[in-house]
Amino acid sequence: MTSGSCSPLSHGASLFPHLHKFLICCRLPLECVCVVWHDFHVPPTCWSPEEGAAGSPQQLGDECTLRSVYDDQPNAHKKFMEKLDACIRNHDKEIEKMCNFHHQGFVDAITELLKVRTDAEKLKVQVTDTNRKFQDAGKEVIVQTEDIIRCRIQQRNITTVVEKLQLCLPVLEMYSKLKEQMSAKRYYSALKTMEQLENVYFPRVSQYRFCQLMIENLPKLREDIKEISMSDLKDFLESIRKHSDKIGETAMKQAQQQKTFSVALQKQNRVQFGKNMYFNDRIPEERNEVELKRAFEEEDENEEEVLTVQDLVDFSPVYRCLHIYSVLGDEETFENYYRKQRKKQARLVLQPQSNMHETVDGYRRYFTQIVGFFVVEDHILHVTQGLVTRAYTDELWNMALSKIIAVLRAHSSYCTDPDLVLELKNLIVLFADTLQGYGFPVNRLFDLLFEIRDQYNETLLKKWAGVFRDIFEEDNYSPIPIVNEEEYKVVISKFPFQDPDLEKQSFPKKFPMSQSVPHIYIQVKEFIYASLKFSESLHRSSTEIDDMLRKSTNLLLTRTLSSCLLNLIRKPHIGLTELVQIIINTTHLEQACRYLEDFITNITNISQETVHTTRLYGLSTFKGKVAQTACMSACQHLSTSLMQMLLDSELKQISMGAVQQFNLDVIQCELFASSEPVPGFQGDTLQLAFIDLRQLLDLFMVWDWSTYLADYGQPASKYLRVNPNTALTLLEKMKDTSKKNNIFAQFRKNDRDKQKLIETVVKQLRSLVNGMSQHT
């Protein structure tokens, strides 16, 4: 292809308008146009017989012409145009023939059409009128239709609203229920309602604004519930702090009633089996029956009045608060707060008043508050899960128990009244029994009671020391006279005295002991009773109680009674006659110890054949002390009497010969003291009774004034026990004798020197006496 030639595409573009015109003139359908165009673009191929069968040679020529134009053959354009014009002419001729053929029909059709024109106009008028009438008639239908449509829309909207309201109403009802529960302070139910709203109802209506407002308000409601429940808990804690004593009092009262009933029942059983045969006992069997009857009556009276801790305290605030915090997932915070506050209250409860030891009511208030505190904790432990645990209560109880023991040990030490100590013991036992009934270990409290028991015994010993002193003060230290059988029986009923010889004697007659002996024996039994009162309810065996009674009785006899007797025999108005009677009395008291042992055995129900019991020491050691004291008192009395004889103001003069003779008498007394008249004295103890006399006589016999005056006031002085006043008094009596009896002494040089020495010593002694007076 040359450069000046046009491409097939450009030829096609220039021939397209003509081709389009041709196709329009030929009234070819659109698909024909597509065929021509397709053929126009298809390259020319050799005609074959197969293709000739598909079309005429004229058509094939035309196609060849088109293809030749496409292939840019020489004169192809011109030939194409010629062919195209020929084709147009042929089509025009065919159109003209067809028009001529149908012309008459067309004219007839026009004529017919003109004929129906008038009818068409009439029809148009009728149709228009009919349309108008139809439109007028349809206006009301249209209005009604529009109303129906509007009603249908409203109905659909109402249905939709009803459906939405049915979806929202449960939410609103639940929220209204929540508000009512909040107003009624049913906070736990309110929290459950909140959970239902959040998990079930709110997801259904979450697209609505009111739901969002409710959702935003729930956290605030939860915080309000927490604050309100915590406020209720604080009120509850304050309430139980105030009512702890009432709770404890009720619990201890119930424990006391149960204990009284059990004790009375045990006593009744002992009566029935004959185990209650006391020797000289003050509690007869009839009294046991009366006590049992009274116990049953009290049990019946109090049966309807039994109150529990739930009756005294409303625990609903702590339950609600616990449930609320559990639902909120903050249970640990609540538990920690509750335990912390209760520990603070425990410390307050365990702090006693400063004057608690003065009255039993002070101890009672202290115990009831503690019992009330732990009764509440025990109730919380059993009705809640996790708020308090057994480990927590045990830890709290151990802390409290240590504090209680320290407080009781300190305050009980101030008690000097045995009755108060006994009441304290009863309170401690009741306190321990009450808490033991709630599962708290109380062994340490009973160990404390043994310490308090020792203190109780000490207070009893002090009390009975006063009783013994009063008895001794009232005694006349003479044998008890009796004039008839009745008086005899009275004495025998008080003191177990057996003497066949005395029984054979006729009235009037005398008991060998004085009136103090039966009184002391009765008081010893009273002491045993008092000691037994403390030993009861200590959860100890009869053997242990028996042993404790014997030990305390031994202390009473060997320490208290002996001490009172020793103080008695040291009194100045007790002479040898009284000492003899005291020894007789102690002998009979010693013999009565076996009756006291039987008495202890009977009241403790211990068999002496099966149990090795502690023996009562009695006053066996005291009798030796009485003899020693009597001997010492006699020697001291003798020494004092001899000294008073020398210094007696009635004795105006004394010679040296008299002093020498007096010295011999004192030597005899010292020999008696050194002969150990009573066993038990150590060394020269008895001779020390005459030490004042001995040093005074040695000073005058040796005439060793220079040593006395030089060593006076020194601890190692040879004449330490010689008082200057005593020496001066005796020396002046000797000086006056020398002057009166030796009228010629002034003519003898030795006598003059001795007289001068006496005067010098007198002056020095007076100087010492005056110095002592000024010093004092």
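Since we're looking at a predicted model, the values are computed, not measured. (Residues numbered from 1 in each chain as written. Predicted model: local features only at pLDDT ≥ 70, side-chain atom pairs only at ≥ 80, totals over all residues. Heavy atoms only, no water.)

(A) Representation of the overall build of the protein chain within the structure. Across its full length, the protein chain holds 27 helices and 2 strands. Here the analysis covers contacts within the protein chain between residues at least 6 apart in sequence; of these, 77% occur between residues at least 24 apart. Total accessible area on the protein chain is roughly 45,400 Å²; 54% of this is exposed by carbon and sulfur atoms. (Helix = DSSP H or I, 4+ residues; strand = E, 2+ residues; numbered from the N terminus. Contact = heavy atoms within 4.5 Å. Areas by Shrake-Rupley, 256 points an atom, 1.4 Å probe, with all protein chains shown as cover.)

(B) Fine view of unusual backbone geometry. Residues Phe507 and Pro508 are joined by a peptide bond in cis, for which omega reads -5 degrees. With respect to the element layout, Pro508 can be found in the loop between α17 (500–504) and β2 (509–510). Positive phi, close to 60 degrees, is recorded for Lys185, a residue that is not glycine. Residue position: Lys185 is located in the loop between α5 (76–183) and α6 (187–201). By relative accessible area, Lys185 is classed as exposed at 55%. For Tyr477, which is not glycine, the phi dihedral falls at a positive 55 degrees. (Buried < 20%, exposed > 50% of the residue type's maximum accessible area, 1.4 Å probe, protein only.)

(C) View of the confidence of the model for the protein chain. Mean pLDDT over the protein chain stands at 80; residues scoring 70 or higher make up 79%. Ranking the elements of the protein chain by mean pLDDT puts helix α3 (residues 49–52) last, at 42, and helix α18 (residues 516–535) first, at 92. Below pLDDT 50 for its whole length, residues 25–55 participates in 35 contacts with residues either more than four positions away or in separate chains. pLDDT under 50 marks residues 273–292. Its contacts with residues more than four places away, or in other chains, come to 30 contacts. (pLDDT = per-residue confidence, 0-100.)

(D) Examining a negative patch on the surface more closely. Together, Glu485, Glu486, Glu487 and Glu503 line one region of the surface with negative charge. Ranked by residues supplied to the negative patch, first place goes to helix α16 (residues 485–494) with 3 residues. For Glu487, the position within the fold is in helix α16. On the basis of relative accessibility, which here comes to 33%, the residue Glu487 falls in the partly exposed class. (Patch = residues over 30% accessible without salt bridge, like charges linked within 9 Å, V, L, I, M, F, W, Y side chains within 5 Å. Salt bridge = Lys/Arg side-chain N within 4 Å of Asp/Glu carboxyl O. Lys, Arg positive; Asp, Glu negative; His and termini not counted. Charge placed at Lys NZ, Arg CZ, Asp CG, Glu CD.)

(E) Representation of the pattern of salt bridges within the structure. This structure, assessed with the given rule, holds 24 salt bridges. Close ionic contact of Asp546 with Arg550 constitutes a salt bridge, the shortest N to O distance being 2.6 Å. Linking Asp546 with Arg550, this pair stays in helix α19 (residues 542–569), spanning 4 residues, or about one helical turn. Both residues of the pair, Asp546 and Arg550, count as buried. One salt-bridge network, held together by shared partners, links Asp129, Arg132, Lys133, Asp136 and Lys139.

(F) The arrangement of helix α23 (residues 656–674) in detail. Across its 19 residues, α23 extends 27 Å between first and last C-alpha, which sits within 8% of the 27 Å expected from 1.5 Å per residue. Of all the residues in α23, the buried ones are Val659, Phe662, Asn663, Val666, Cys669, Glu670 and Ala673. Projected down its long axis, α23 carries its buried residues within an arc of 120 degrees, all on one side. The positive-phi residue at the C-terminal boundary of α23 is Glu676, with phi of around 55 degrees. (Expected span 1.5 Å × (residues − 1). Arc of directions from axis to C-beta.)

(G) The arrangement of the packing of aromatic side chains in detail. Evaluated as defined, the whole model comprises 25 aromatic pairs. Positioned over the ring face of Phe599 is Lys525, at 4.9 Å from the centre of the ring. (Phe/Tyr/Trp six-rings, centres within 6.5 Å; stacked < 30°, edge-to-face > 60°. Lys NZ or Arg CZ within 6 Å of the ring centre and 35° of its normal.)

(H) Molecular detail of the environment of Val722. Following the sequence through the fold, Val722 ends up in the loop between α25 (705–711) and α26 (724–741). Using a relative accessible area of 3% as the deciding quantity, one classes Val722 as buried. Not counting the four nearest positions on each side in its chain, Val722 is found in contact with Gln695, Leu696, Leu699, Tyr708 and Ala727.

(I) Here's a closer look at the packing of helix α12 (residues 360–383) against helix α14 (residues 418–437). One can describe the packing of α12 onto α14 by two numbers: an axis separation of 10 Å at closest approach and a directional angle of 5 degrees. With respect to α14, the element α12 is oriented roughly parallel. Here Val360, Tyr363, Arg364, Phe367, Ile370, Val371 and Phe374 of α12 lie close against α14, whose contacting residues are Leu420, Glu423, Leu424, Leu427, Ile428, Phe431, Thr434 and Leu435. Taken together, the residues of the contact of α12 with α14 break down into 12 nonpolar, 1 polar and 2 charged. (Axes fitted to C-alpha atoms, helices over the stretch in contact; angles between N-to-C directions. Parallel < 35°, antiparallel > 145°, perpendicular 65-115°, else oblique. Nonpolar A, V, L, I, M, F, W, Y, C, P; charged D, E, K, R; others polar.)

(J) Spatial organisation of the side chain of Gln345. Residue position: Gln345 is located in helix α11 (residues 331–350). Gln345 gets classed as buried once you look at its relative accessible area, which sits at 9%.

(K) Main features of the side chain of Thr560. Mapped onto the elements, Thr560 comes out in helix α19. Once residues lying within four places of it in the same chain are set aside, the contact partners of Thr560 are Leu461, Trp464, Ala465, Phe468 and Leu555.

(L) Region of interest: the nonpolar core. Within the largest apolar cluster, 115 residues are counted, with the highest numbers of intra-cluster contacts made by Phe367, Ile404, Phe431 and Phe468. Among the elements that take part in this core, helix α15 (residues 443–474) stands out by supplying 13 residues, more than any other. With sequence-adjacent residues up to four places away left out, Phe367 is seen in contact with Met252, Leu408, Leu424, Leu427, Ile428 and Phe431. Counting 36 residues, the second largest nonpolar core, distinct from the first, contains Val666, Val678, Leu730 and Val769. (Core = buried A, V, L, I, M, F, W, Y, C linked by side-chain atoms within 4.5 Å.)

(M) Quick look at helix α24 (residues 691–702). With 12 residues, α24 ought to run about 16 Å at 1.5 Å a step, and its terminal C-alpha atoms sit 16 Å apart, in line with that. At the exit of α24 stands Trp703, carrying a positive phi of roughly 55 degrees.

(N) Representation of the environment of Gln181. Among the structural elements, Gln181 can be located in helix α5. Along the sequence, Gln181 and Leu191 sit 10 residues apart, while their C-alpha atoms lie 9.3 Å from each other. Leaving out residues up to four positions away in the same chain, Gln181 has contacts with Arg186, Ser189, Ala190 and Thr193.

(O) Spatial organisation of a nonpolar patch on the surface. Residues Phe106, Val107, Ile110, Leu113, Leu114 and Val116 make up a contiguous nonpolar surface patch of about 530 Å² in total accessible area. Mapped onto the fold, Phe106 is located in helix α5.

(P) Seen up close, the packing of helix α13 (residues 390–412) against α14. Following both chains from N to C, one finds α13 and α14 inclined at 175 degrees, their axes separated by 13 Å at the closest point. Relative to α14, the element α13 is oriented roughly antiparallel. Contacts between α13 and α14 pair Trp397, Ile404, Leu408 and Ser412 from the former with Leu424, Ile428, Phe431 and Leu435 from the latter. In terms of residue class, the contact of α13 with α14 is built from 7 nonpolar, 1 polar and no charged.

(Q) Seen up close, the environment of Gln212. Structurally, Gln212 is set in helix α7 (residues 209–272). With 10 residues separating them in the primary sequence, Gln212 and Phe202 have C-alpha atoms 8.7 Å apart.

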